[in-house]
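This is what each chain is made of:
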Amino acid sequence: MILWMISVGFLSAFALGPASFSIIRSLVSRRTWPWSSIAGFLLGDVAYILLAMALLKSPLFHQEWLKVTLTAMTALVLSAYSLKVLLSEEQPASLEIPHQGFTKSLALTLSNFHLVLIYAGLFVHLREAQSLWLGVVVYLLTFVVSFLALLWGLKRLHGPIKKFLRKIEIVAACGFFCFSIYLSVGIL
């Protein structure tokens, strides 16, 4: 169980969403660690993990309407975010990326409503309270360490990444848009 949670935590750190991509964009553009944005991102993930743990003990976990609603809301947010990125103009290299901050990062993370279902599915096989808490702690620690290692590596590759940041941003936005279509088709 511990090795499984370590593996999933490590892989989850590389499954970038709008909030984590925003953190990476800020890190690459400013060359400083956006600690407040990272804190907002991690707080949002912890909040959804706690909600997922509560959902596991609730009869709502098996309600189809809840899954459809959370998935539809996530698809709408991802579509809106993708369109915003795709329709925005590239900023000249001389302009700074605006500071993302704790609140924006927290809001972007919490707007990924489907995370509750993902975390609930991840922890559903851990029925005993002790193994559930151990699994959650191991997952979170691995996720945080892996995400910080990813950011550290990207900071080291500052030059090549900054050159292609807008192209990477467009590819990510297209990926988010495709994922929102996939989620929408899944609930139909």
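In what follows, the structure referred to is the one given above.
Residues numbered from 1 in each chain as written. Predicted model: local features only at pLDDT ≥ 70, side-chain atom pairs only at ≥ 80, totals over all residues. Heavy atoms only, no water.

1. Description of the overall build of the protein
Here's step 1: The secondary structure content of the protein amounts to nine helices and zero strands.
Here's step 2: Along the protein, from the amino end to the carboxyl end, the secondary structure elements read α-α-α-α-α-α-α-α-α.
Here's step 3: Overall, the C-alpha framework of the protein stretches about 55 × 35 × 25 Å when taken along its three principal axes.
Here's step 4: Residues classed as buried in the protein amount to 43% of the 188 residues present. (Helix = DSSP H or I, 4+ residues; strand = E, 2+ residues; numbered from the N terminus. Buried < 20%, exposed > 50% of the residue type's maximum accessible area, 1.4 Å probe, protein only.)

2. As for the packing of aromatic side chains
Here's step 1: Considering all chains together, one arrives at 10 aromatic pairs under this definition.
Here's step 2: Residues Phe-123 and Tyr-139 carry aromatic rings whose centres are separated by 5.9 Å and whose planes lie at 85 degrees to one another, so their mutual orientation is edge-to-face. Residue Phe-123 is found in helix 6 (residues 115-123), and its partner Tyr-139 is found in helix 7 (residues 129-156); the two are separated by 16 residues along the sequence. For the residue pair Phe-123 and Tyr-139, the accessibility class agrees, reading buried in each case.
Here's step 3: Between Phe-143 and Phe-147, the aromatic rings sit 6.2 Å apart at their centres with planes inclined by 5 degrees, giving stacked as the arrangement. (Phe/Tyr/Trp six-rings, centres within 6.5 Å; stacked < 30°, edge-to-face > 60°.)

3. Quick look at the environment of Ile-168
Here's step 1: Following the sequence through the fold, Ile-168 ends up in helix 9 (residues 165-187).
Here's step 2: A residue is classified by how much of its surface remains accessible, and Ile-168, at 35% relative accessible area, is partly exposed.
Here's step 3: Separated by 143 residues in sequence, Ile-168 and Arg-25 have C-alpha atoms that sit 9.7 Å apart.
Here's step 4: Residues within four places of Ile-168 in sequence aside, it is in contact with Phe-21 and Ile-161. (Contact = heavy atoms within 4.5 Å.)

4. Examining the pattern of salt bridges
Here's step 1: As enumerated under the stated definition, the model contains one salt bridge in all.
Here's step 2: Salt-bridge contacts for Arg-25 lead to Glu-169; the nearest nitrogen and oxygen are separated by 3.2 Å. With Arg-25 in helix 2 (residues 18-30) and Glu-169 in helix 9, this residue pair connects regions lying 144 residues apart in the sequence. (Salt bridge = Lys/Arg side-chain N within 4 Å of Asp/Glu carboxyl O.)

5. Describing the packing of helix 6 against helix 7
Here's step 1: Running from N to C, helix 6 and helix 7 point in directions that differ by 120 degrees, and their axes come no closer than 11 Å. The orientation of helix 6 with respect to helix 7, classified from their angle, is oblique. Crossing geometry of helix 6 relative to helix 7 is assigned as right-handed. Residues Tyr-119, Leu-122 and Phe-123 of helix 6 form the contact with helix 7, whose participating residues are Leu-132, Gly-135, Val-136 and Tyr-139.
Here's step 2: Looking at the contact of helix 6 with helix 7 residue by residue, the classes come out as six nonpolar, one polar and no charged. (Axes fitted to C-alpha atoms, helices over the stretch in contact; angles between N-to-C directions. Parallel < 35°, antiparallel > 145°, perpendicular 65-115°, else oblique. Left-handed = near helix turned anticlockwise from the far one by under 90°. Nonpolar A, V, L, I, M, F, W, Y, C, P; charged D, E, K, R; others polar.)

6. Overview of the environment of Ile-181
Here's step 1: Examined against the element boundaries, Ile-181 turns out to sit in helix 9.
Here's step 2: In the structure, Ile-181 is positioned 147 residues away from Pro-34 in sequence and 31 Å away in space, judged by C-alpha atoms.

7. Considering the side chain of Ser-105
Here's step 1: For Ser-105, the location among the structural elements is in helix 5 (residues 101-110).
Here's step 2: With relative accessibility at 3%, the residue Ser-105 sits in the buried group.
Here's step 3: Residues within four places of Ser-105 in sequence aside, it is in contact with Ala-19, Ile-23, Ser-37, Gly-40 and Phe-41.

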